[in-house]
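Structure assessment
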Amino acid sequence: MSTWLVTGCSTGLGRAVAEAVLGAGHNAVVTARDPAKVSDLAEAAPERALAVTLDVTKPDQVASAVDRADKRFGGVDVLVNNAGYGYRAAVEEGNDSEVRNLFETHFFGTVAMIKAVLPGMRARRSGAIVNISSIGAQVTPVGSGYYAAAKAAMEGMSGSLRGELAPLGISVTVVEPGAFRTDFAGRSLVQSATIIDDYANTAGRRRKENDTMHGNQTGDPAKAGAAIIAAVEAPEPPGFLLLGPDALAIYRYVTEQRANEIAAWEDLTSGTDFER
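Residues numbered from 1 in each chain as written. Predicted model: local features only at pLDDT ≥ 70, side-chain atom pairs only at ≥ 80, totals over all residues. Heavy atoms only, no water.

The condition that has to hold: UniProt positions are given in the numbering used here, feature names are shortened, and annotations may be inferred rather than shown by experiment.
Labelled according to an unreviewed UniProt entry, the protein appears under the name Short-chain dehydrogenase, originating from Mycobacterium saskatchewanense. For the protein, the Sequence similarities (unreviewed entry) comment in UniProt is given as "Belongs to the short-chain dehydrogenases/reductases (SDR) family."

Right, here's the structure in full:
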């Protein structure tokens, strides 16, 4: 039995991971900005679940969540950084304060959680950190530039972190899900108030009022939760994990297109050294 701390458990993928963790017989610290939204998870398994108030942008709540996990279960074995939300706007339309809030949650909140659990993991020389990213970090869809940037920042940090922690017995896994049937494209999606008509046929097509994705995603969150557990419990957890056949197809397409462009510009790329 291990103890998992999952951020953003009120709905969606975070809730699915928490349910899978409890279903597998593990302990779970289930968190949300409003703990009433996860109280049912704690009530369903009172001996193994702890509901905690957590806004990852508030340092006192981050520290308190980890402290309560330590006191109740003796430490956090697995941290799942899932808290987050979508943000859509053409880059020019993005509101500065909204963009900063996005990064505070997705990047700086993730870093704060990692720093809070690492002293205990390092002392035990064991642990796992799972950072939920998005296939959007690869495909960078129009209208999602800031969201893709926040996730790309998380992924860059995670790669370095993996190398730093591997000798200490702690794994780091970045998960890039495709489209799963959650509230991500509905209630959890924020968009800029500014609308510039010149972007109507690009970013504008992906605004809430024009998007038909919500409720039609093919991904099953319960299967995603089970897959994350399987990855963490593998003898050698992956550093990078795609979830969903759509994510796999998109990733392969993006890497193929990138390889083709690299090849097309290879001569220019290779011609920048001093002459010998």
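Next comes the rest of the write-up.
A few points about the overall build of the protein
This is how the line gets drawn: Helix and strand assignments come from DSSP, with helices taken as H or I runs of at least 4 residues and strands as E runs of at least 2, each series counted from the N terminus. Summary of the burial criterion: residues with accessible area below 20% of their type's maximum are buried, those above 50% are exposed, and those between are partly exposed, where the area comes from a 1.4 Å probe applied to protein chains only. Each accessible area is a Shrake-Rupley estimate made with a 1.4 Å probe; only the visible protein chains count as cover when residues are assessed. By the counting scheme adopted, Arg and Lys are positive, Glu and Asp are negative, and His together with the chain ends is not counted. Where a charge lies is defined by one atom per residue type, namely NZ (Lys), CZ (Arg), CG (Asp) and CD (Glu).
Scanning the protein from terminus to terminus reveals 9 helices and 9 strands. On the principal axes, the C-alpha backbone points of the protein span a range of 60 × 55 × 35 Å. A total of 276 residues make up the protein; the buried ones form 47% of that total. For the protein, the accessible area works out to roughly 13,900 Å², and carbon and sulfur atoms hold 53% of it. Positive and negative charge centroids in the protein, built from 26 and 33 side chains respectively, lie 6 Å apart.

What to know about the sheet that holds strand S3 (residues 49–53)
In plain terms, the rule: Strands pair, by our definition, only if DSSP identifies at least two bridges between them. All axes are obtained by fitting lines to C-alpha atoms, using only the stretch in contact for helices, and the reported angles, taken between N-to-C directions, cover 0 to 180 degrees. The contact criterion used is simple: two residues touch if any of their non-hydrogen atoms lie within 4.5 Å.
Strand order in this open sheet of 7 strands is S3-S2-S1-S4-S6-S7-S9, and the pairing throughout is parallel. The strands lining the two open edges of the sheet, one partner per strand, are S3 and strand S9 (240–243). Geometrically, the sheet is characterised by an average inter-axis angle of 20° between neighbouring strands, direction not taken into account. Each of strand S1 (3–6), strand S4 (78–81), strand S6 (127–132) and strand S7 (170–177) touches helix H4 (residues 96–124); the most contacted strand, S4, lies at about 175° to it.

What to know about H4
So the rule is basically this: One fewer than the residue count of a helix, multiplied by 1.5 Å, yields its expected span. Bend at a given residue is defined as the angle between two axes, one fitted to the seven residues that end at that position and one fitted to the seven that begin there.
In a regular helix each residue adds 1.5 Å, so 29 residues correspond to 42 Å; H4 covers 41 Å between its end C-alpha atoms and thus fits that length. At leucine 118, H4 shows its largest kink, close to 40°, and the proline proline 119 lies no more than four residues downstream.

What about the nonpolar core?
For the record, the criterion: Buried residues of nine kinds, namely Ala, Val, Leu, Ile, Met, Phe, Trp, Tyr and Cys, make up a nonpolar core once their side-chain atoms join them within 4.5 Å.
By size, the foremost hydrophobic cluster in this structure holds 31 residues, and its most contacted members are Trp4, Val80, Val130 and Ile228. Going through the elements one at a time, S1, helix H1 (12–23), strand S2 (27–32), helix H2 (39–44), S4, S6, helix H7 (221–232) and S9 are the ones with two or more residues in this core. It is H1 that provides the largest number of residues to this core, a total of 6 residues. Other than its neighbours up to four places away in sequence, tryptophan 4 contacts Val21, His26, Asn27, Ala28, Val29, Val78, Val80, Ile228, Ile229 and Val232. Core analysis: the next-biggest nonpolar cluster, separate from the first, contains 27 residues, Val29, Val76, Phe107 and Met121 among them.

Looking at the pairing of S2
What counts, and what does not: Throughout, right-handed denotes a crossover for which the path from the first strand over the helix to the second runs clockwise when the strands point away from the viewer.
The element S2 is largely enclosed, with a buried count of 6 among its 6 residues. Where burial is concerned, the two faces of S2 agree: the one with Asn27, Val29 and Thr31 and the one with Ala28, Val30 and Ala32 are both buried. Inspection of the sheet shows S1 paired to S2 by 4 bridges, in the parallel sense. Across the sheet, residue threonine 3 finds its bridge partner in S2, namely asparagine 27. You can see the chain leave S1, run along H1 and come back into S2, and the turn it takes is right-handed. Handedness of the β-α-β unit built from S2, H2 and S3 comes out right-handed.

Regarding the environment of tryptophan 4
Here tryptophan 4 lies in strand S1. Overall, tryptophan 4 belongs to the buried group, its relative accessible area being 0%. Put simply, tryptophan 4 and tyrosine 253 are 249 residues apart on the chain and 34 Å apart in space, counted from C-alpha to C-alpha.

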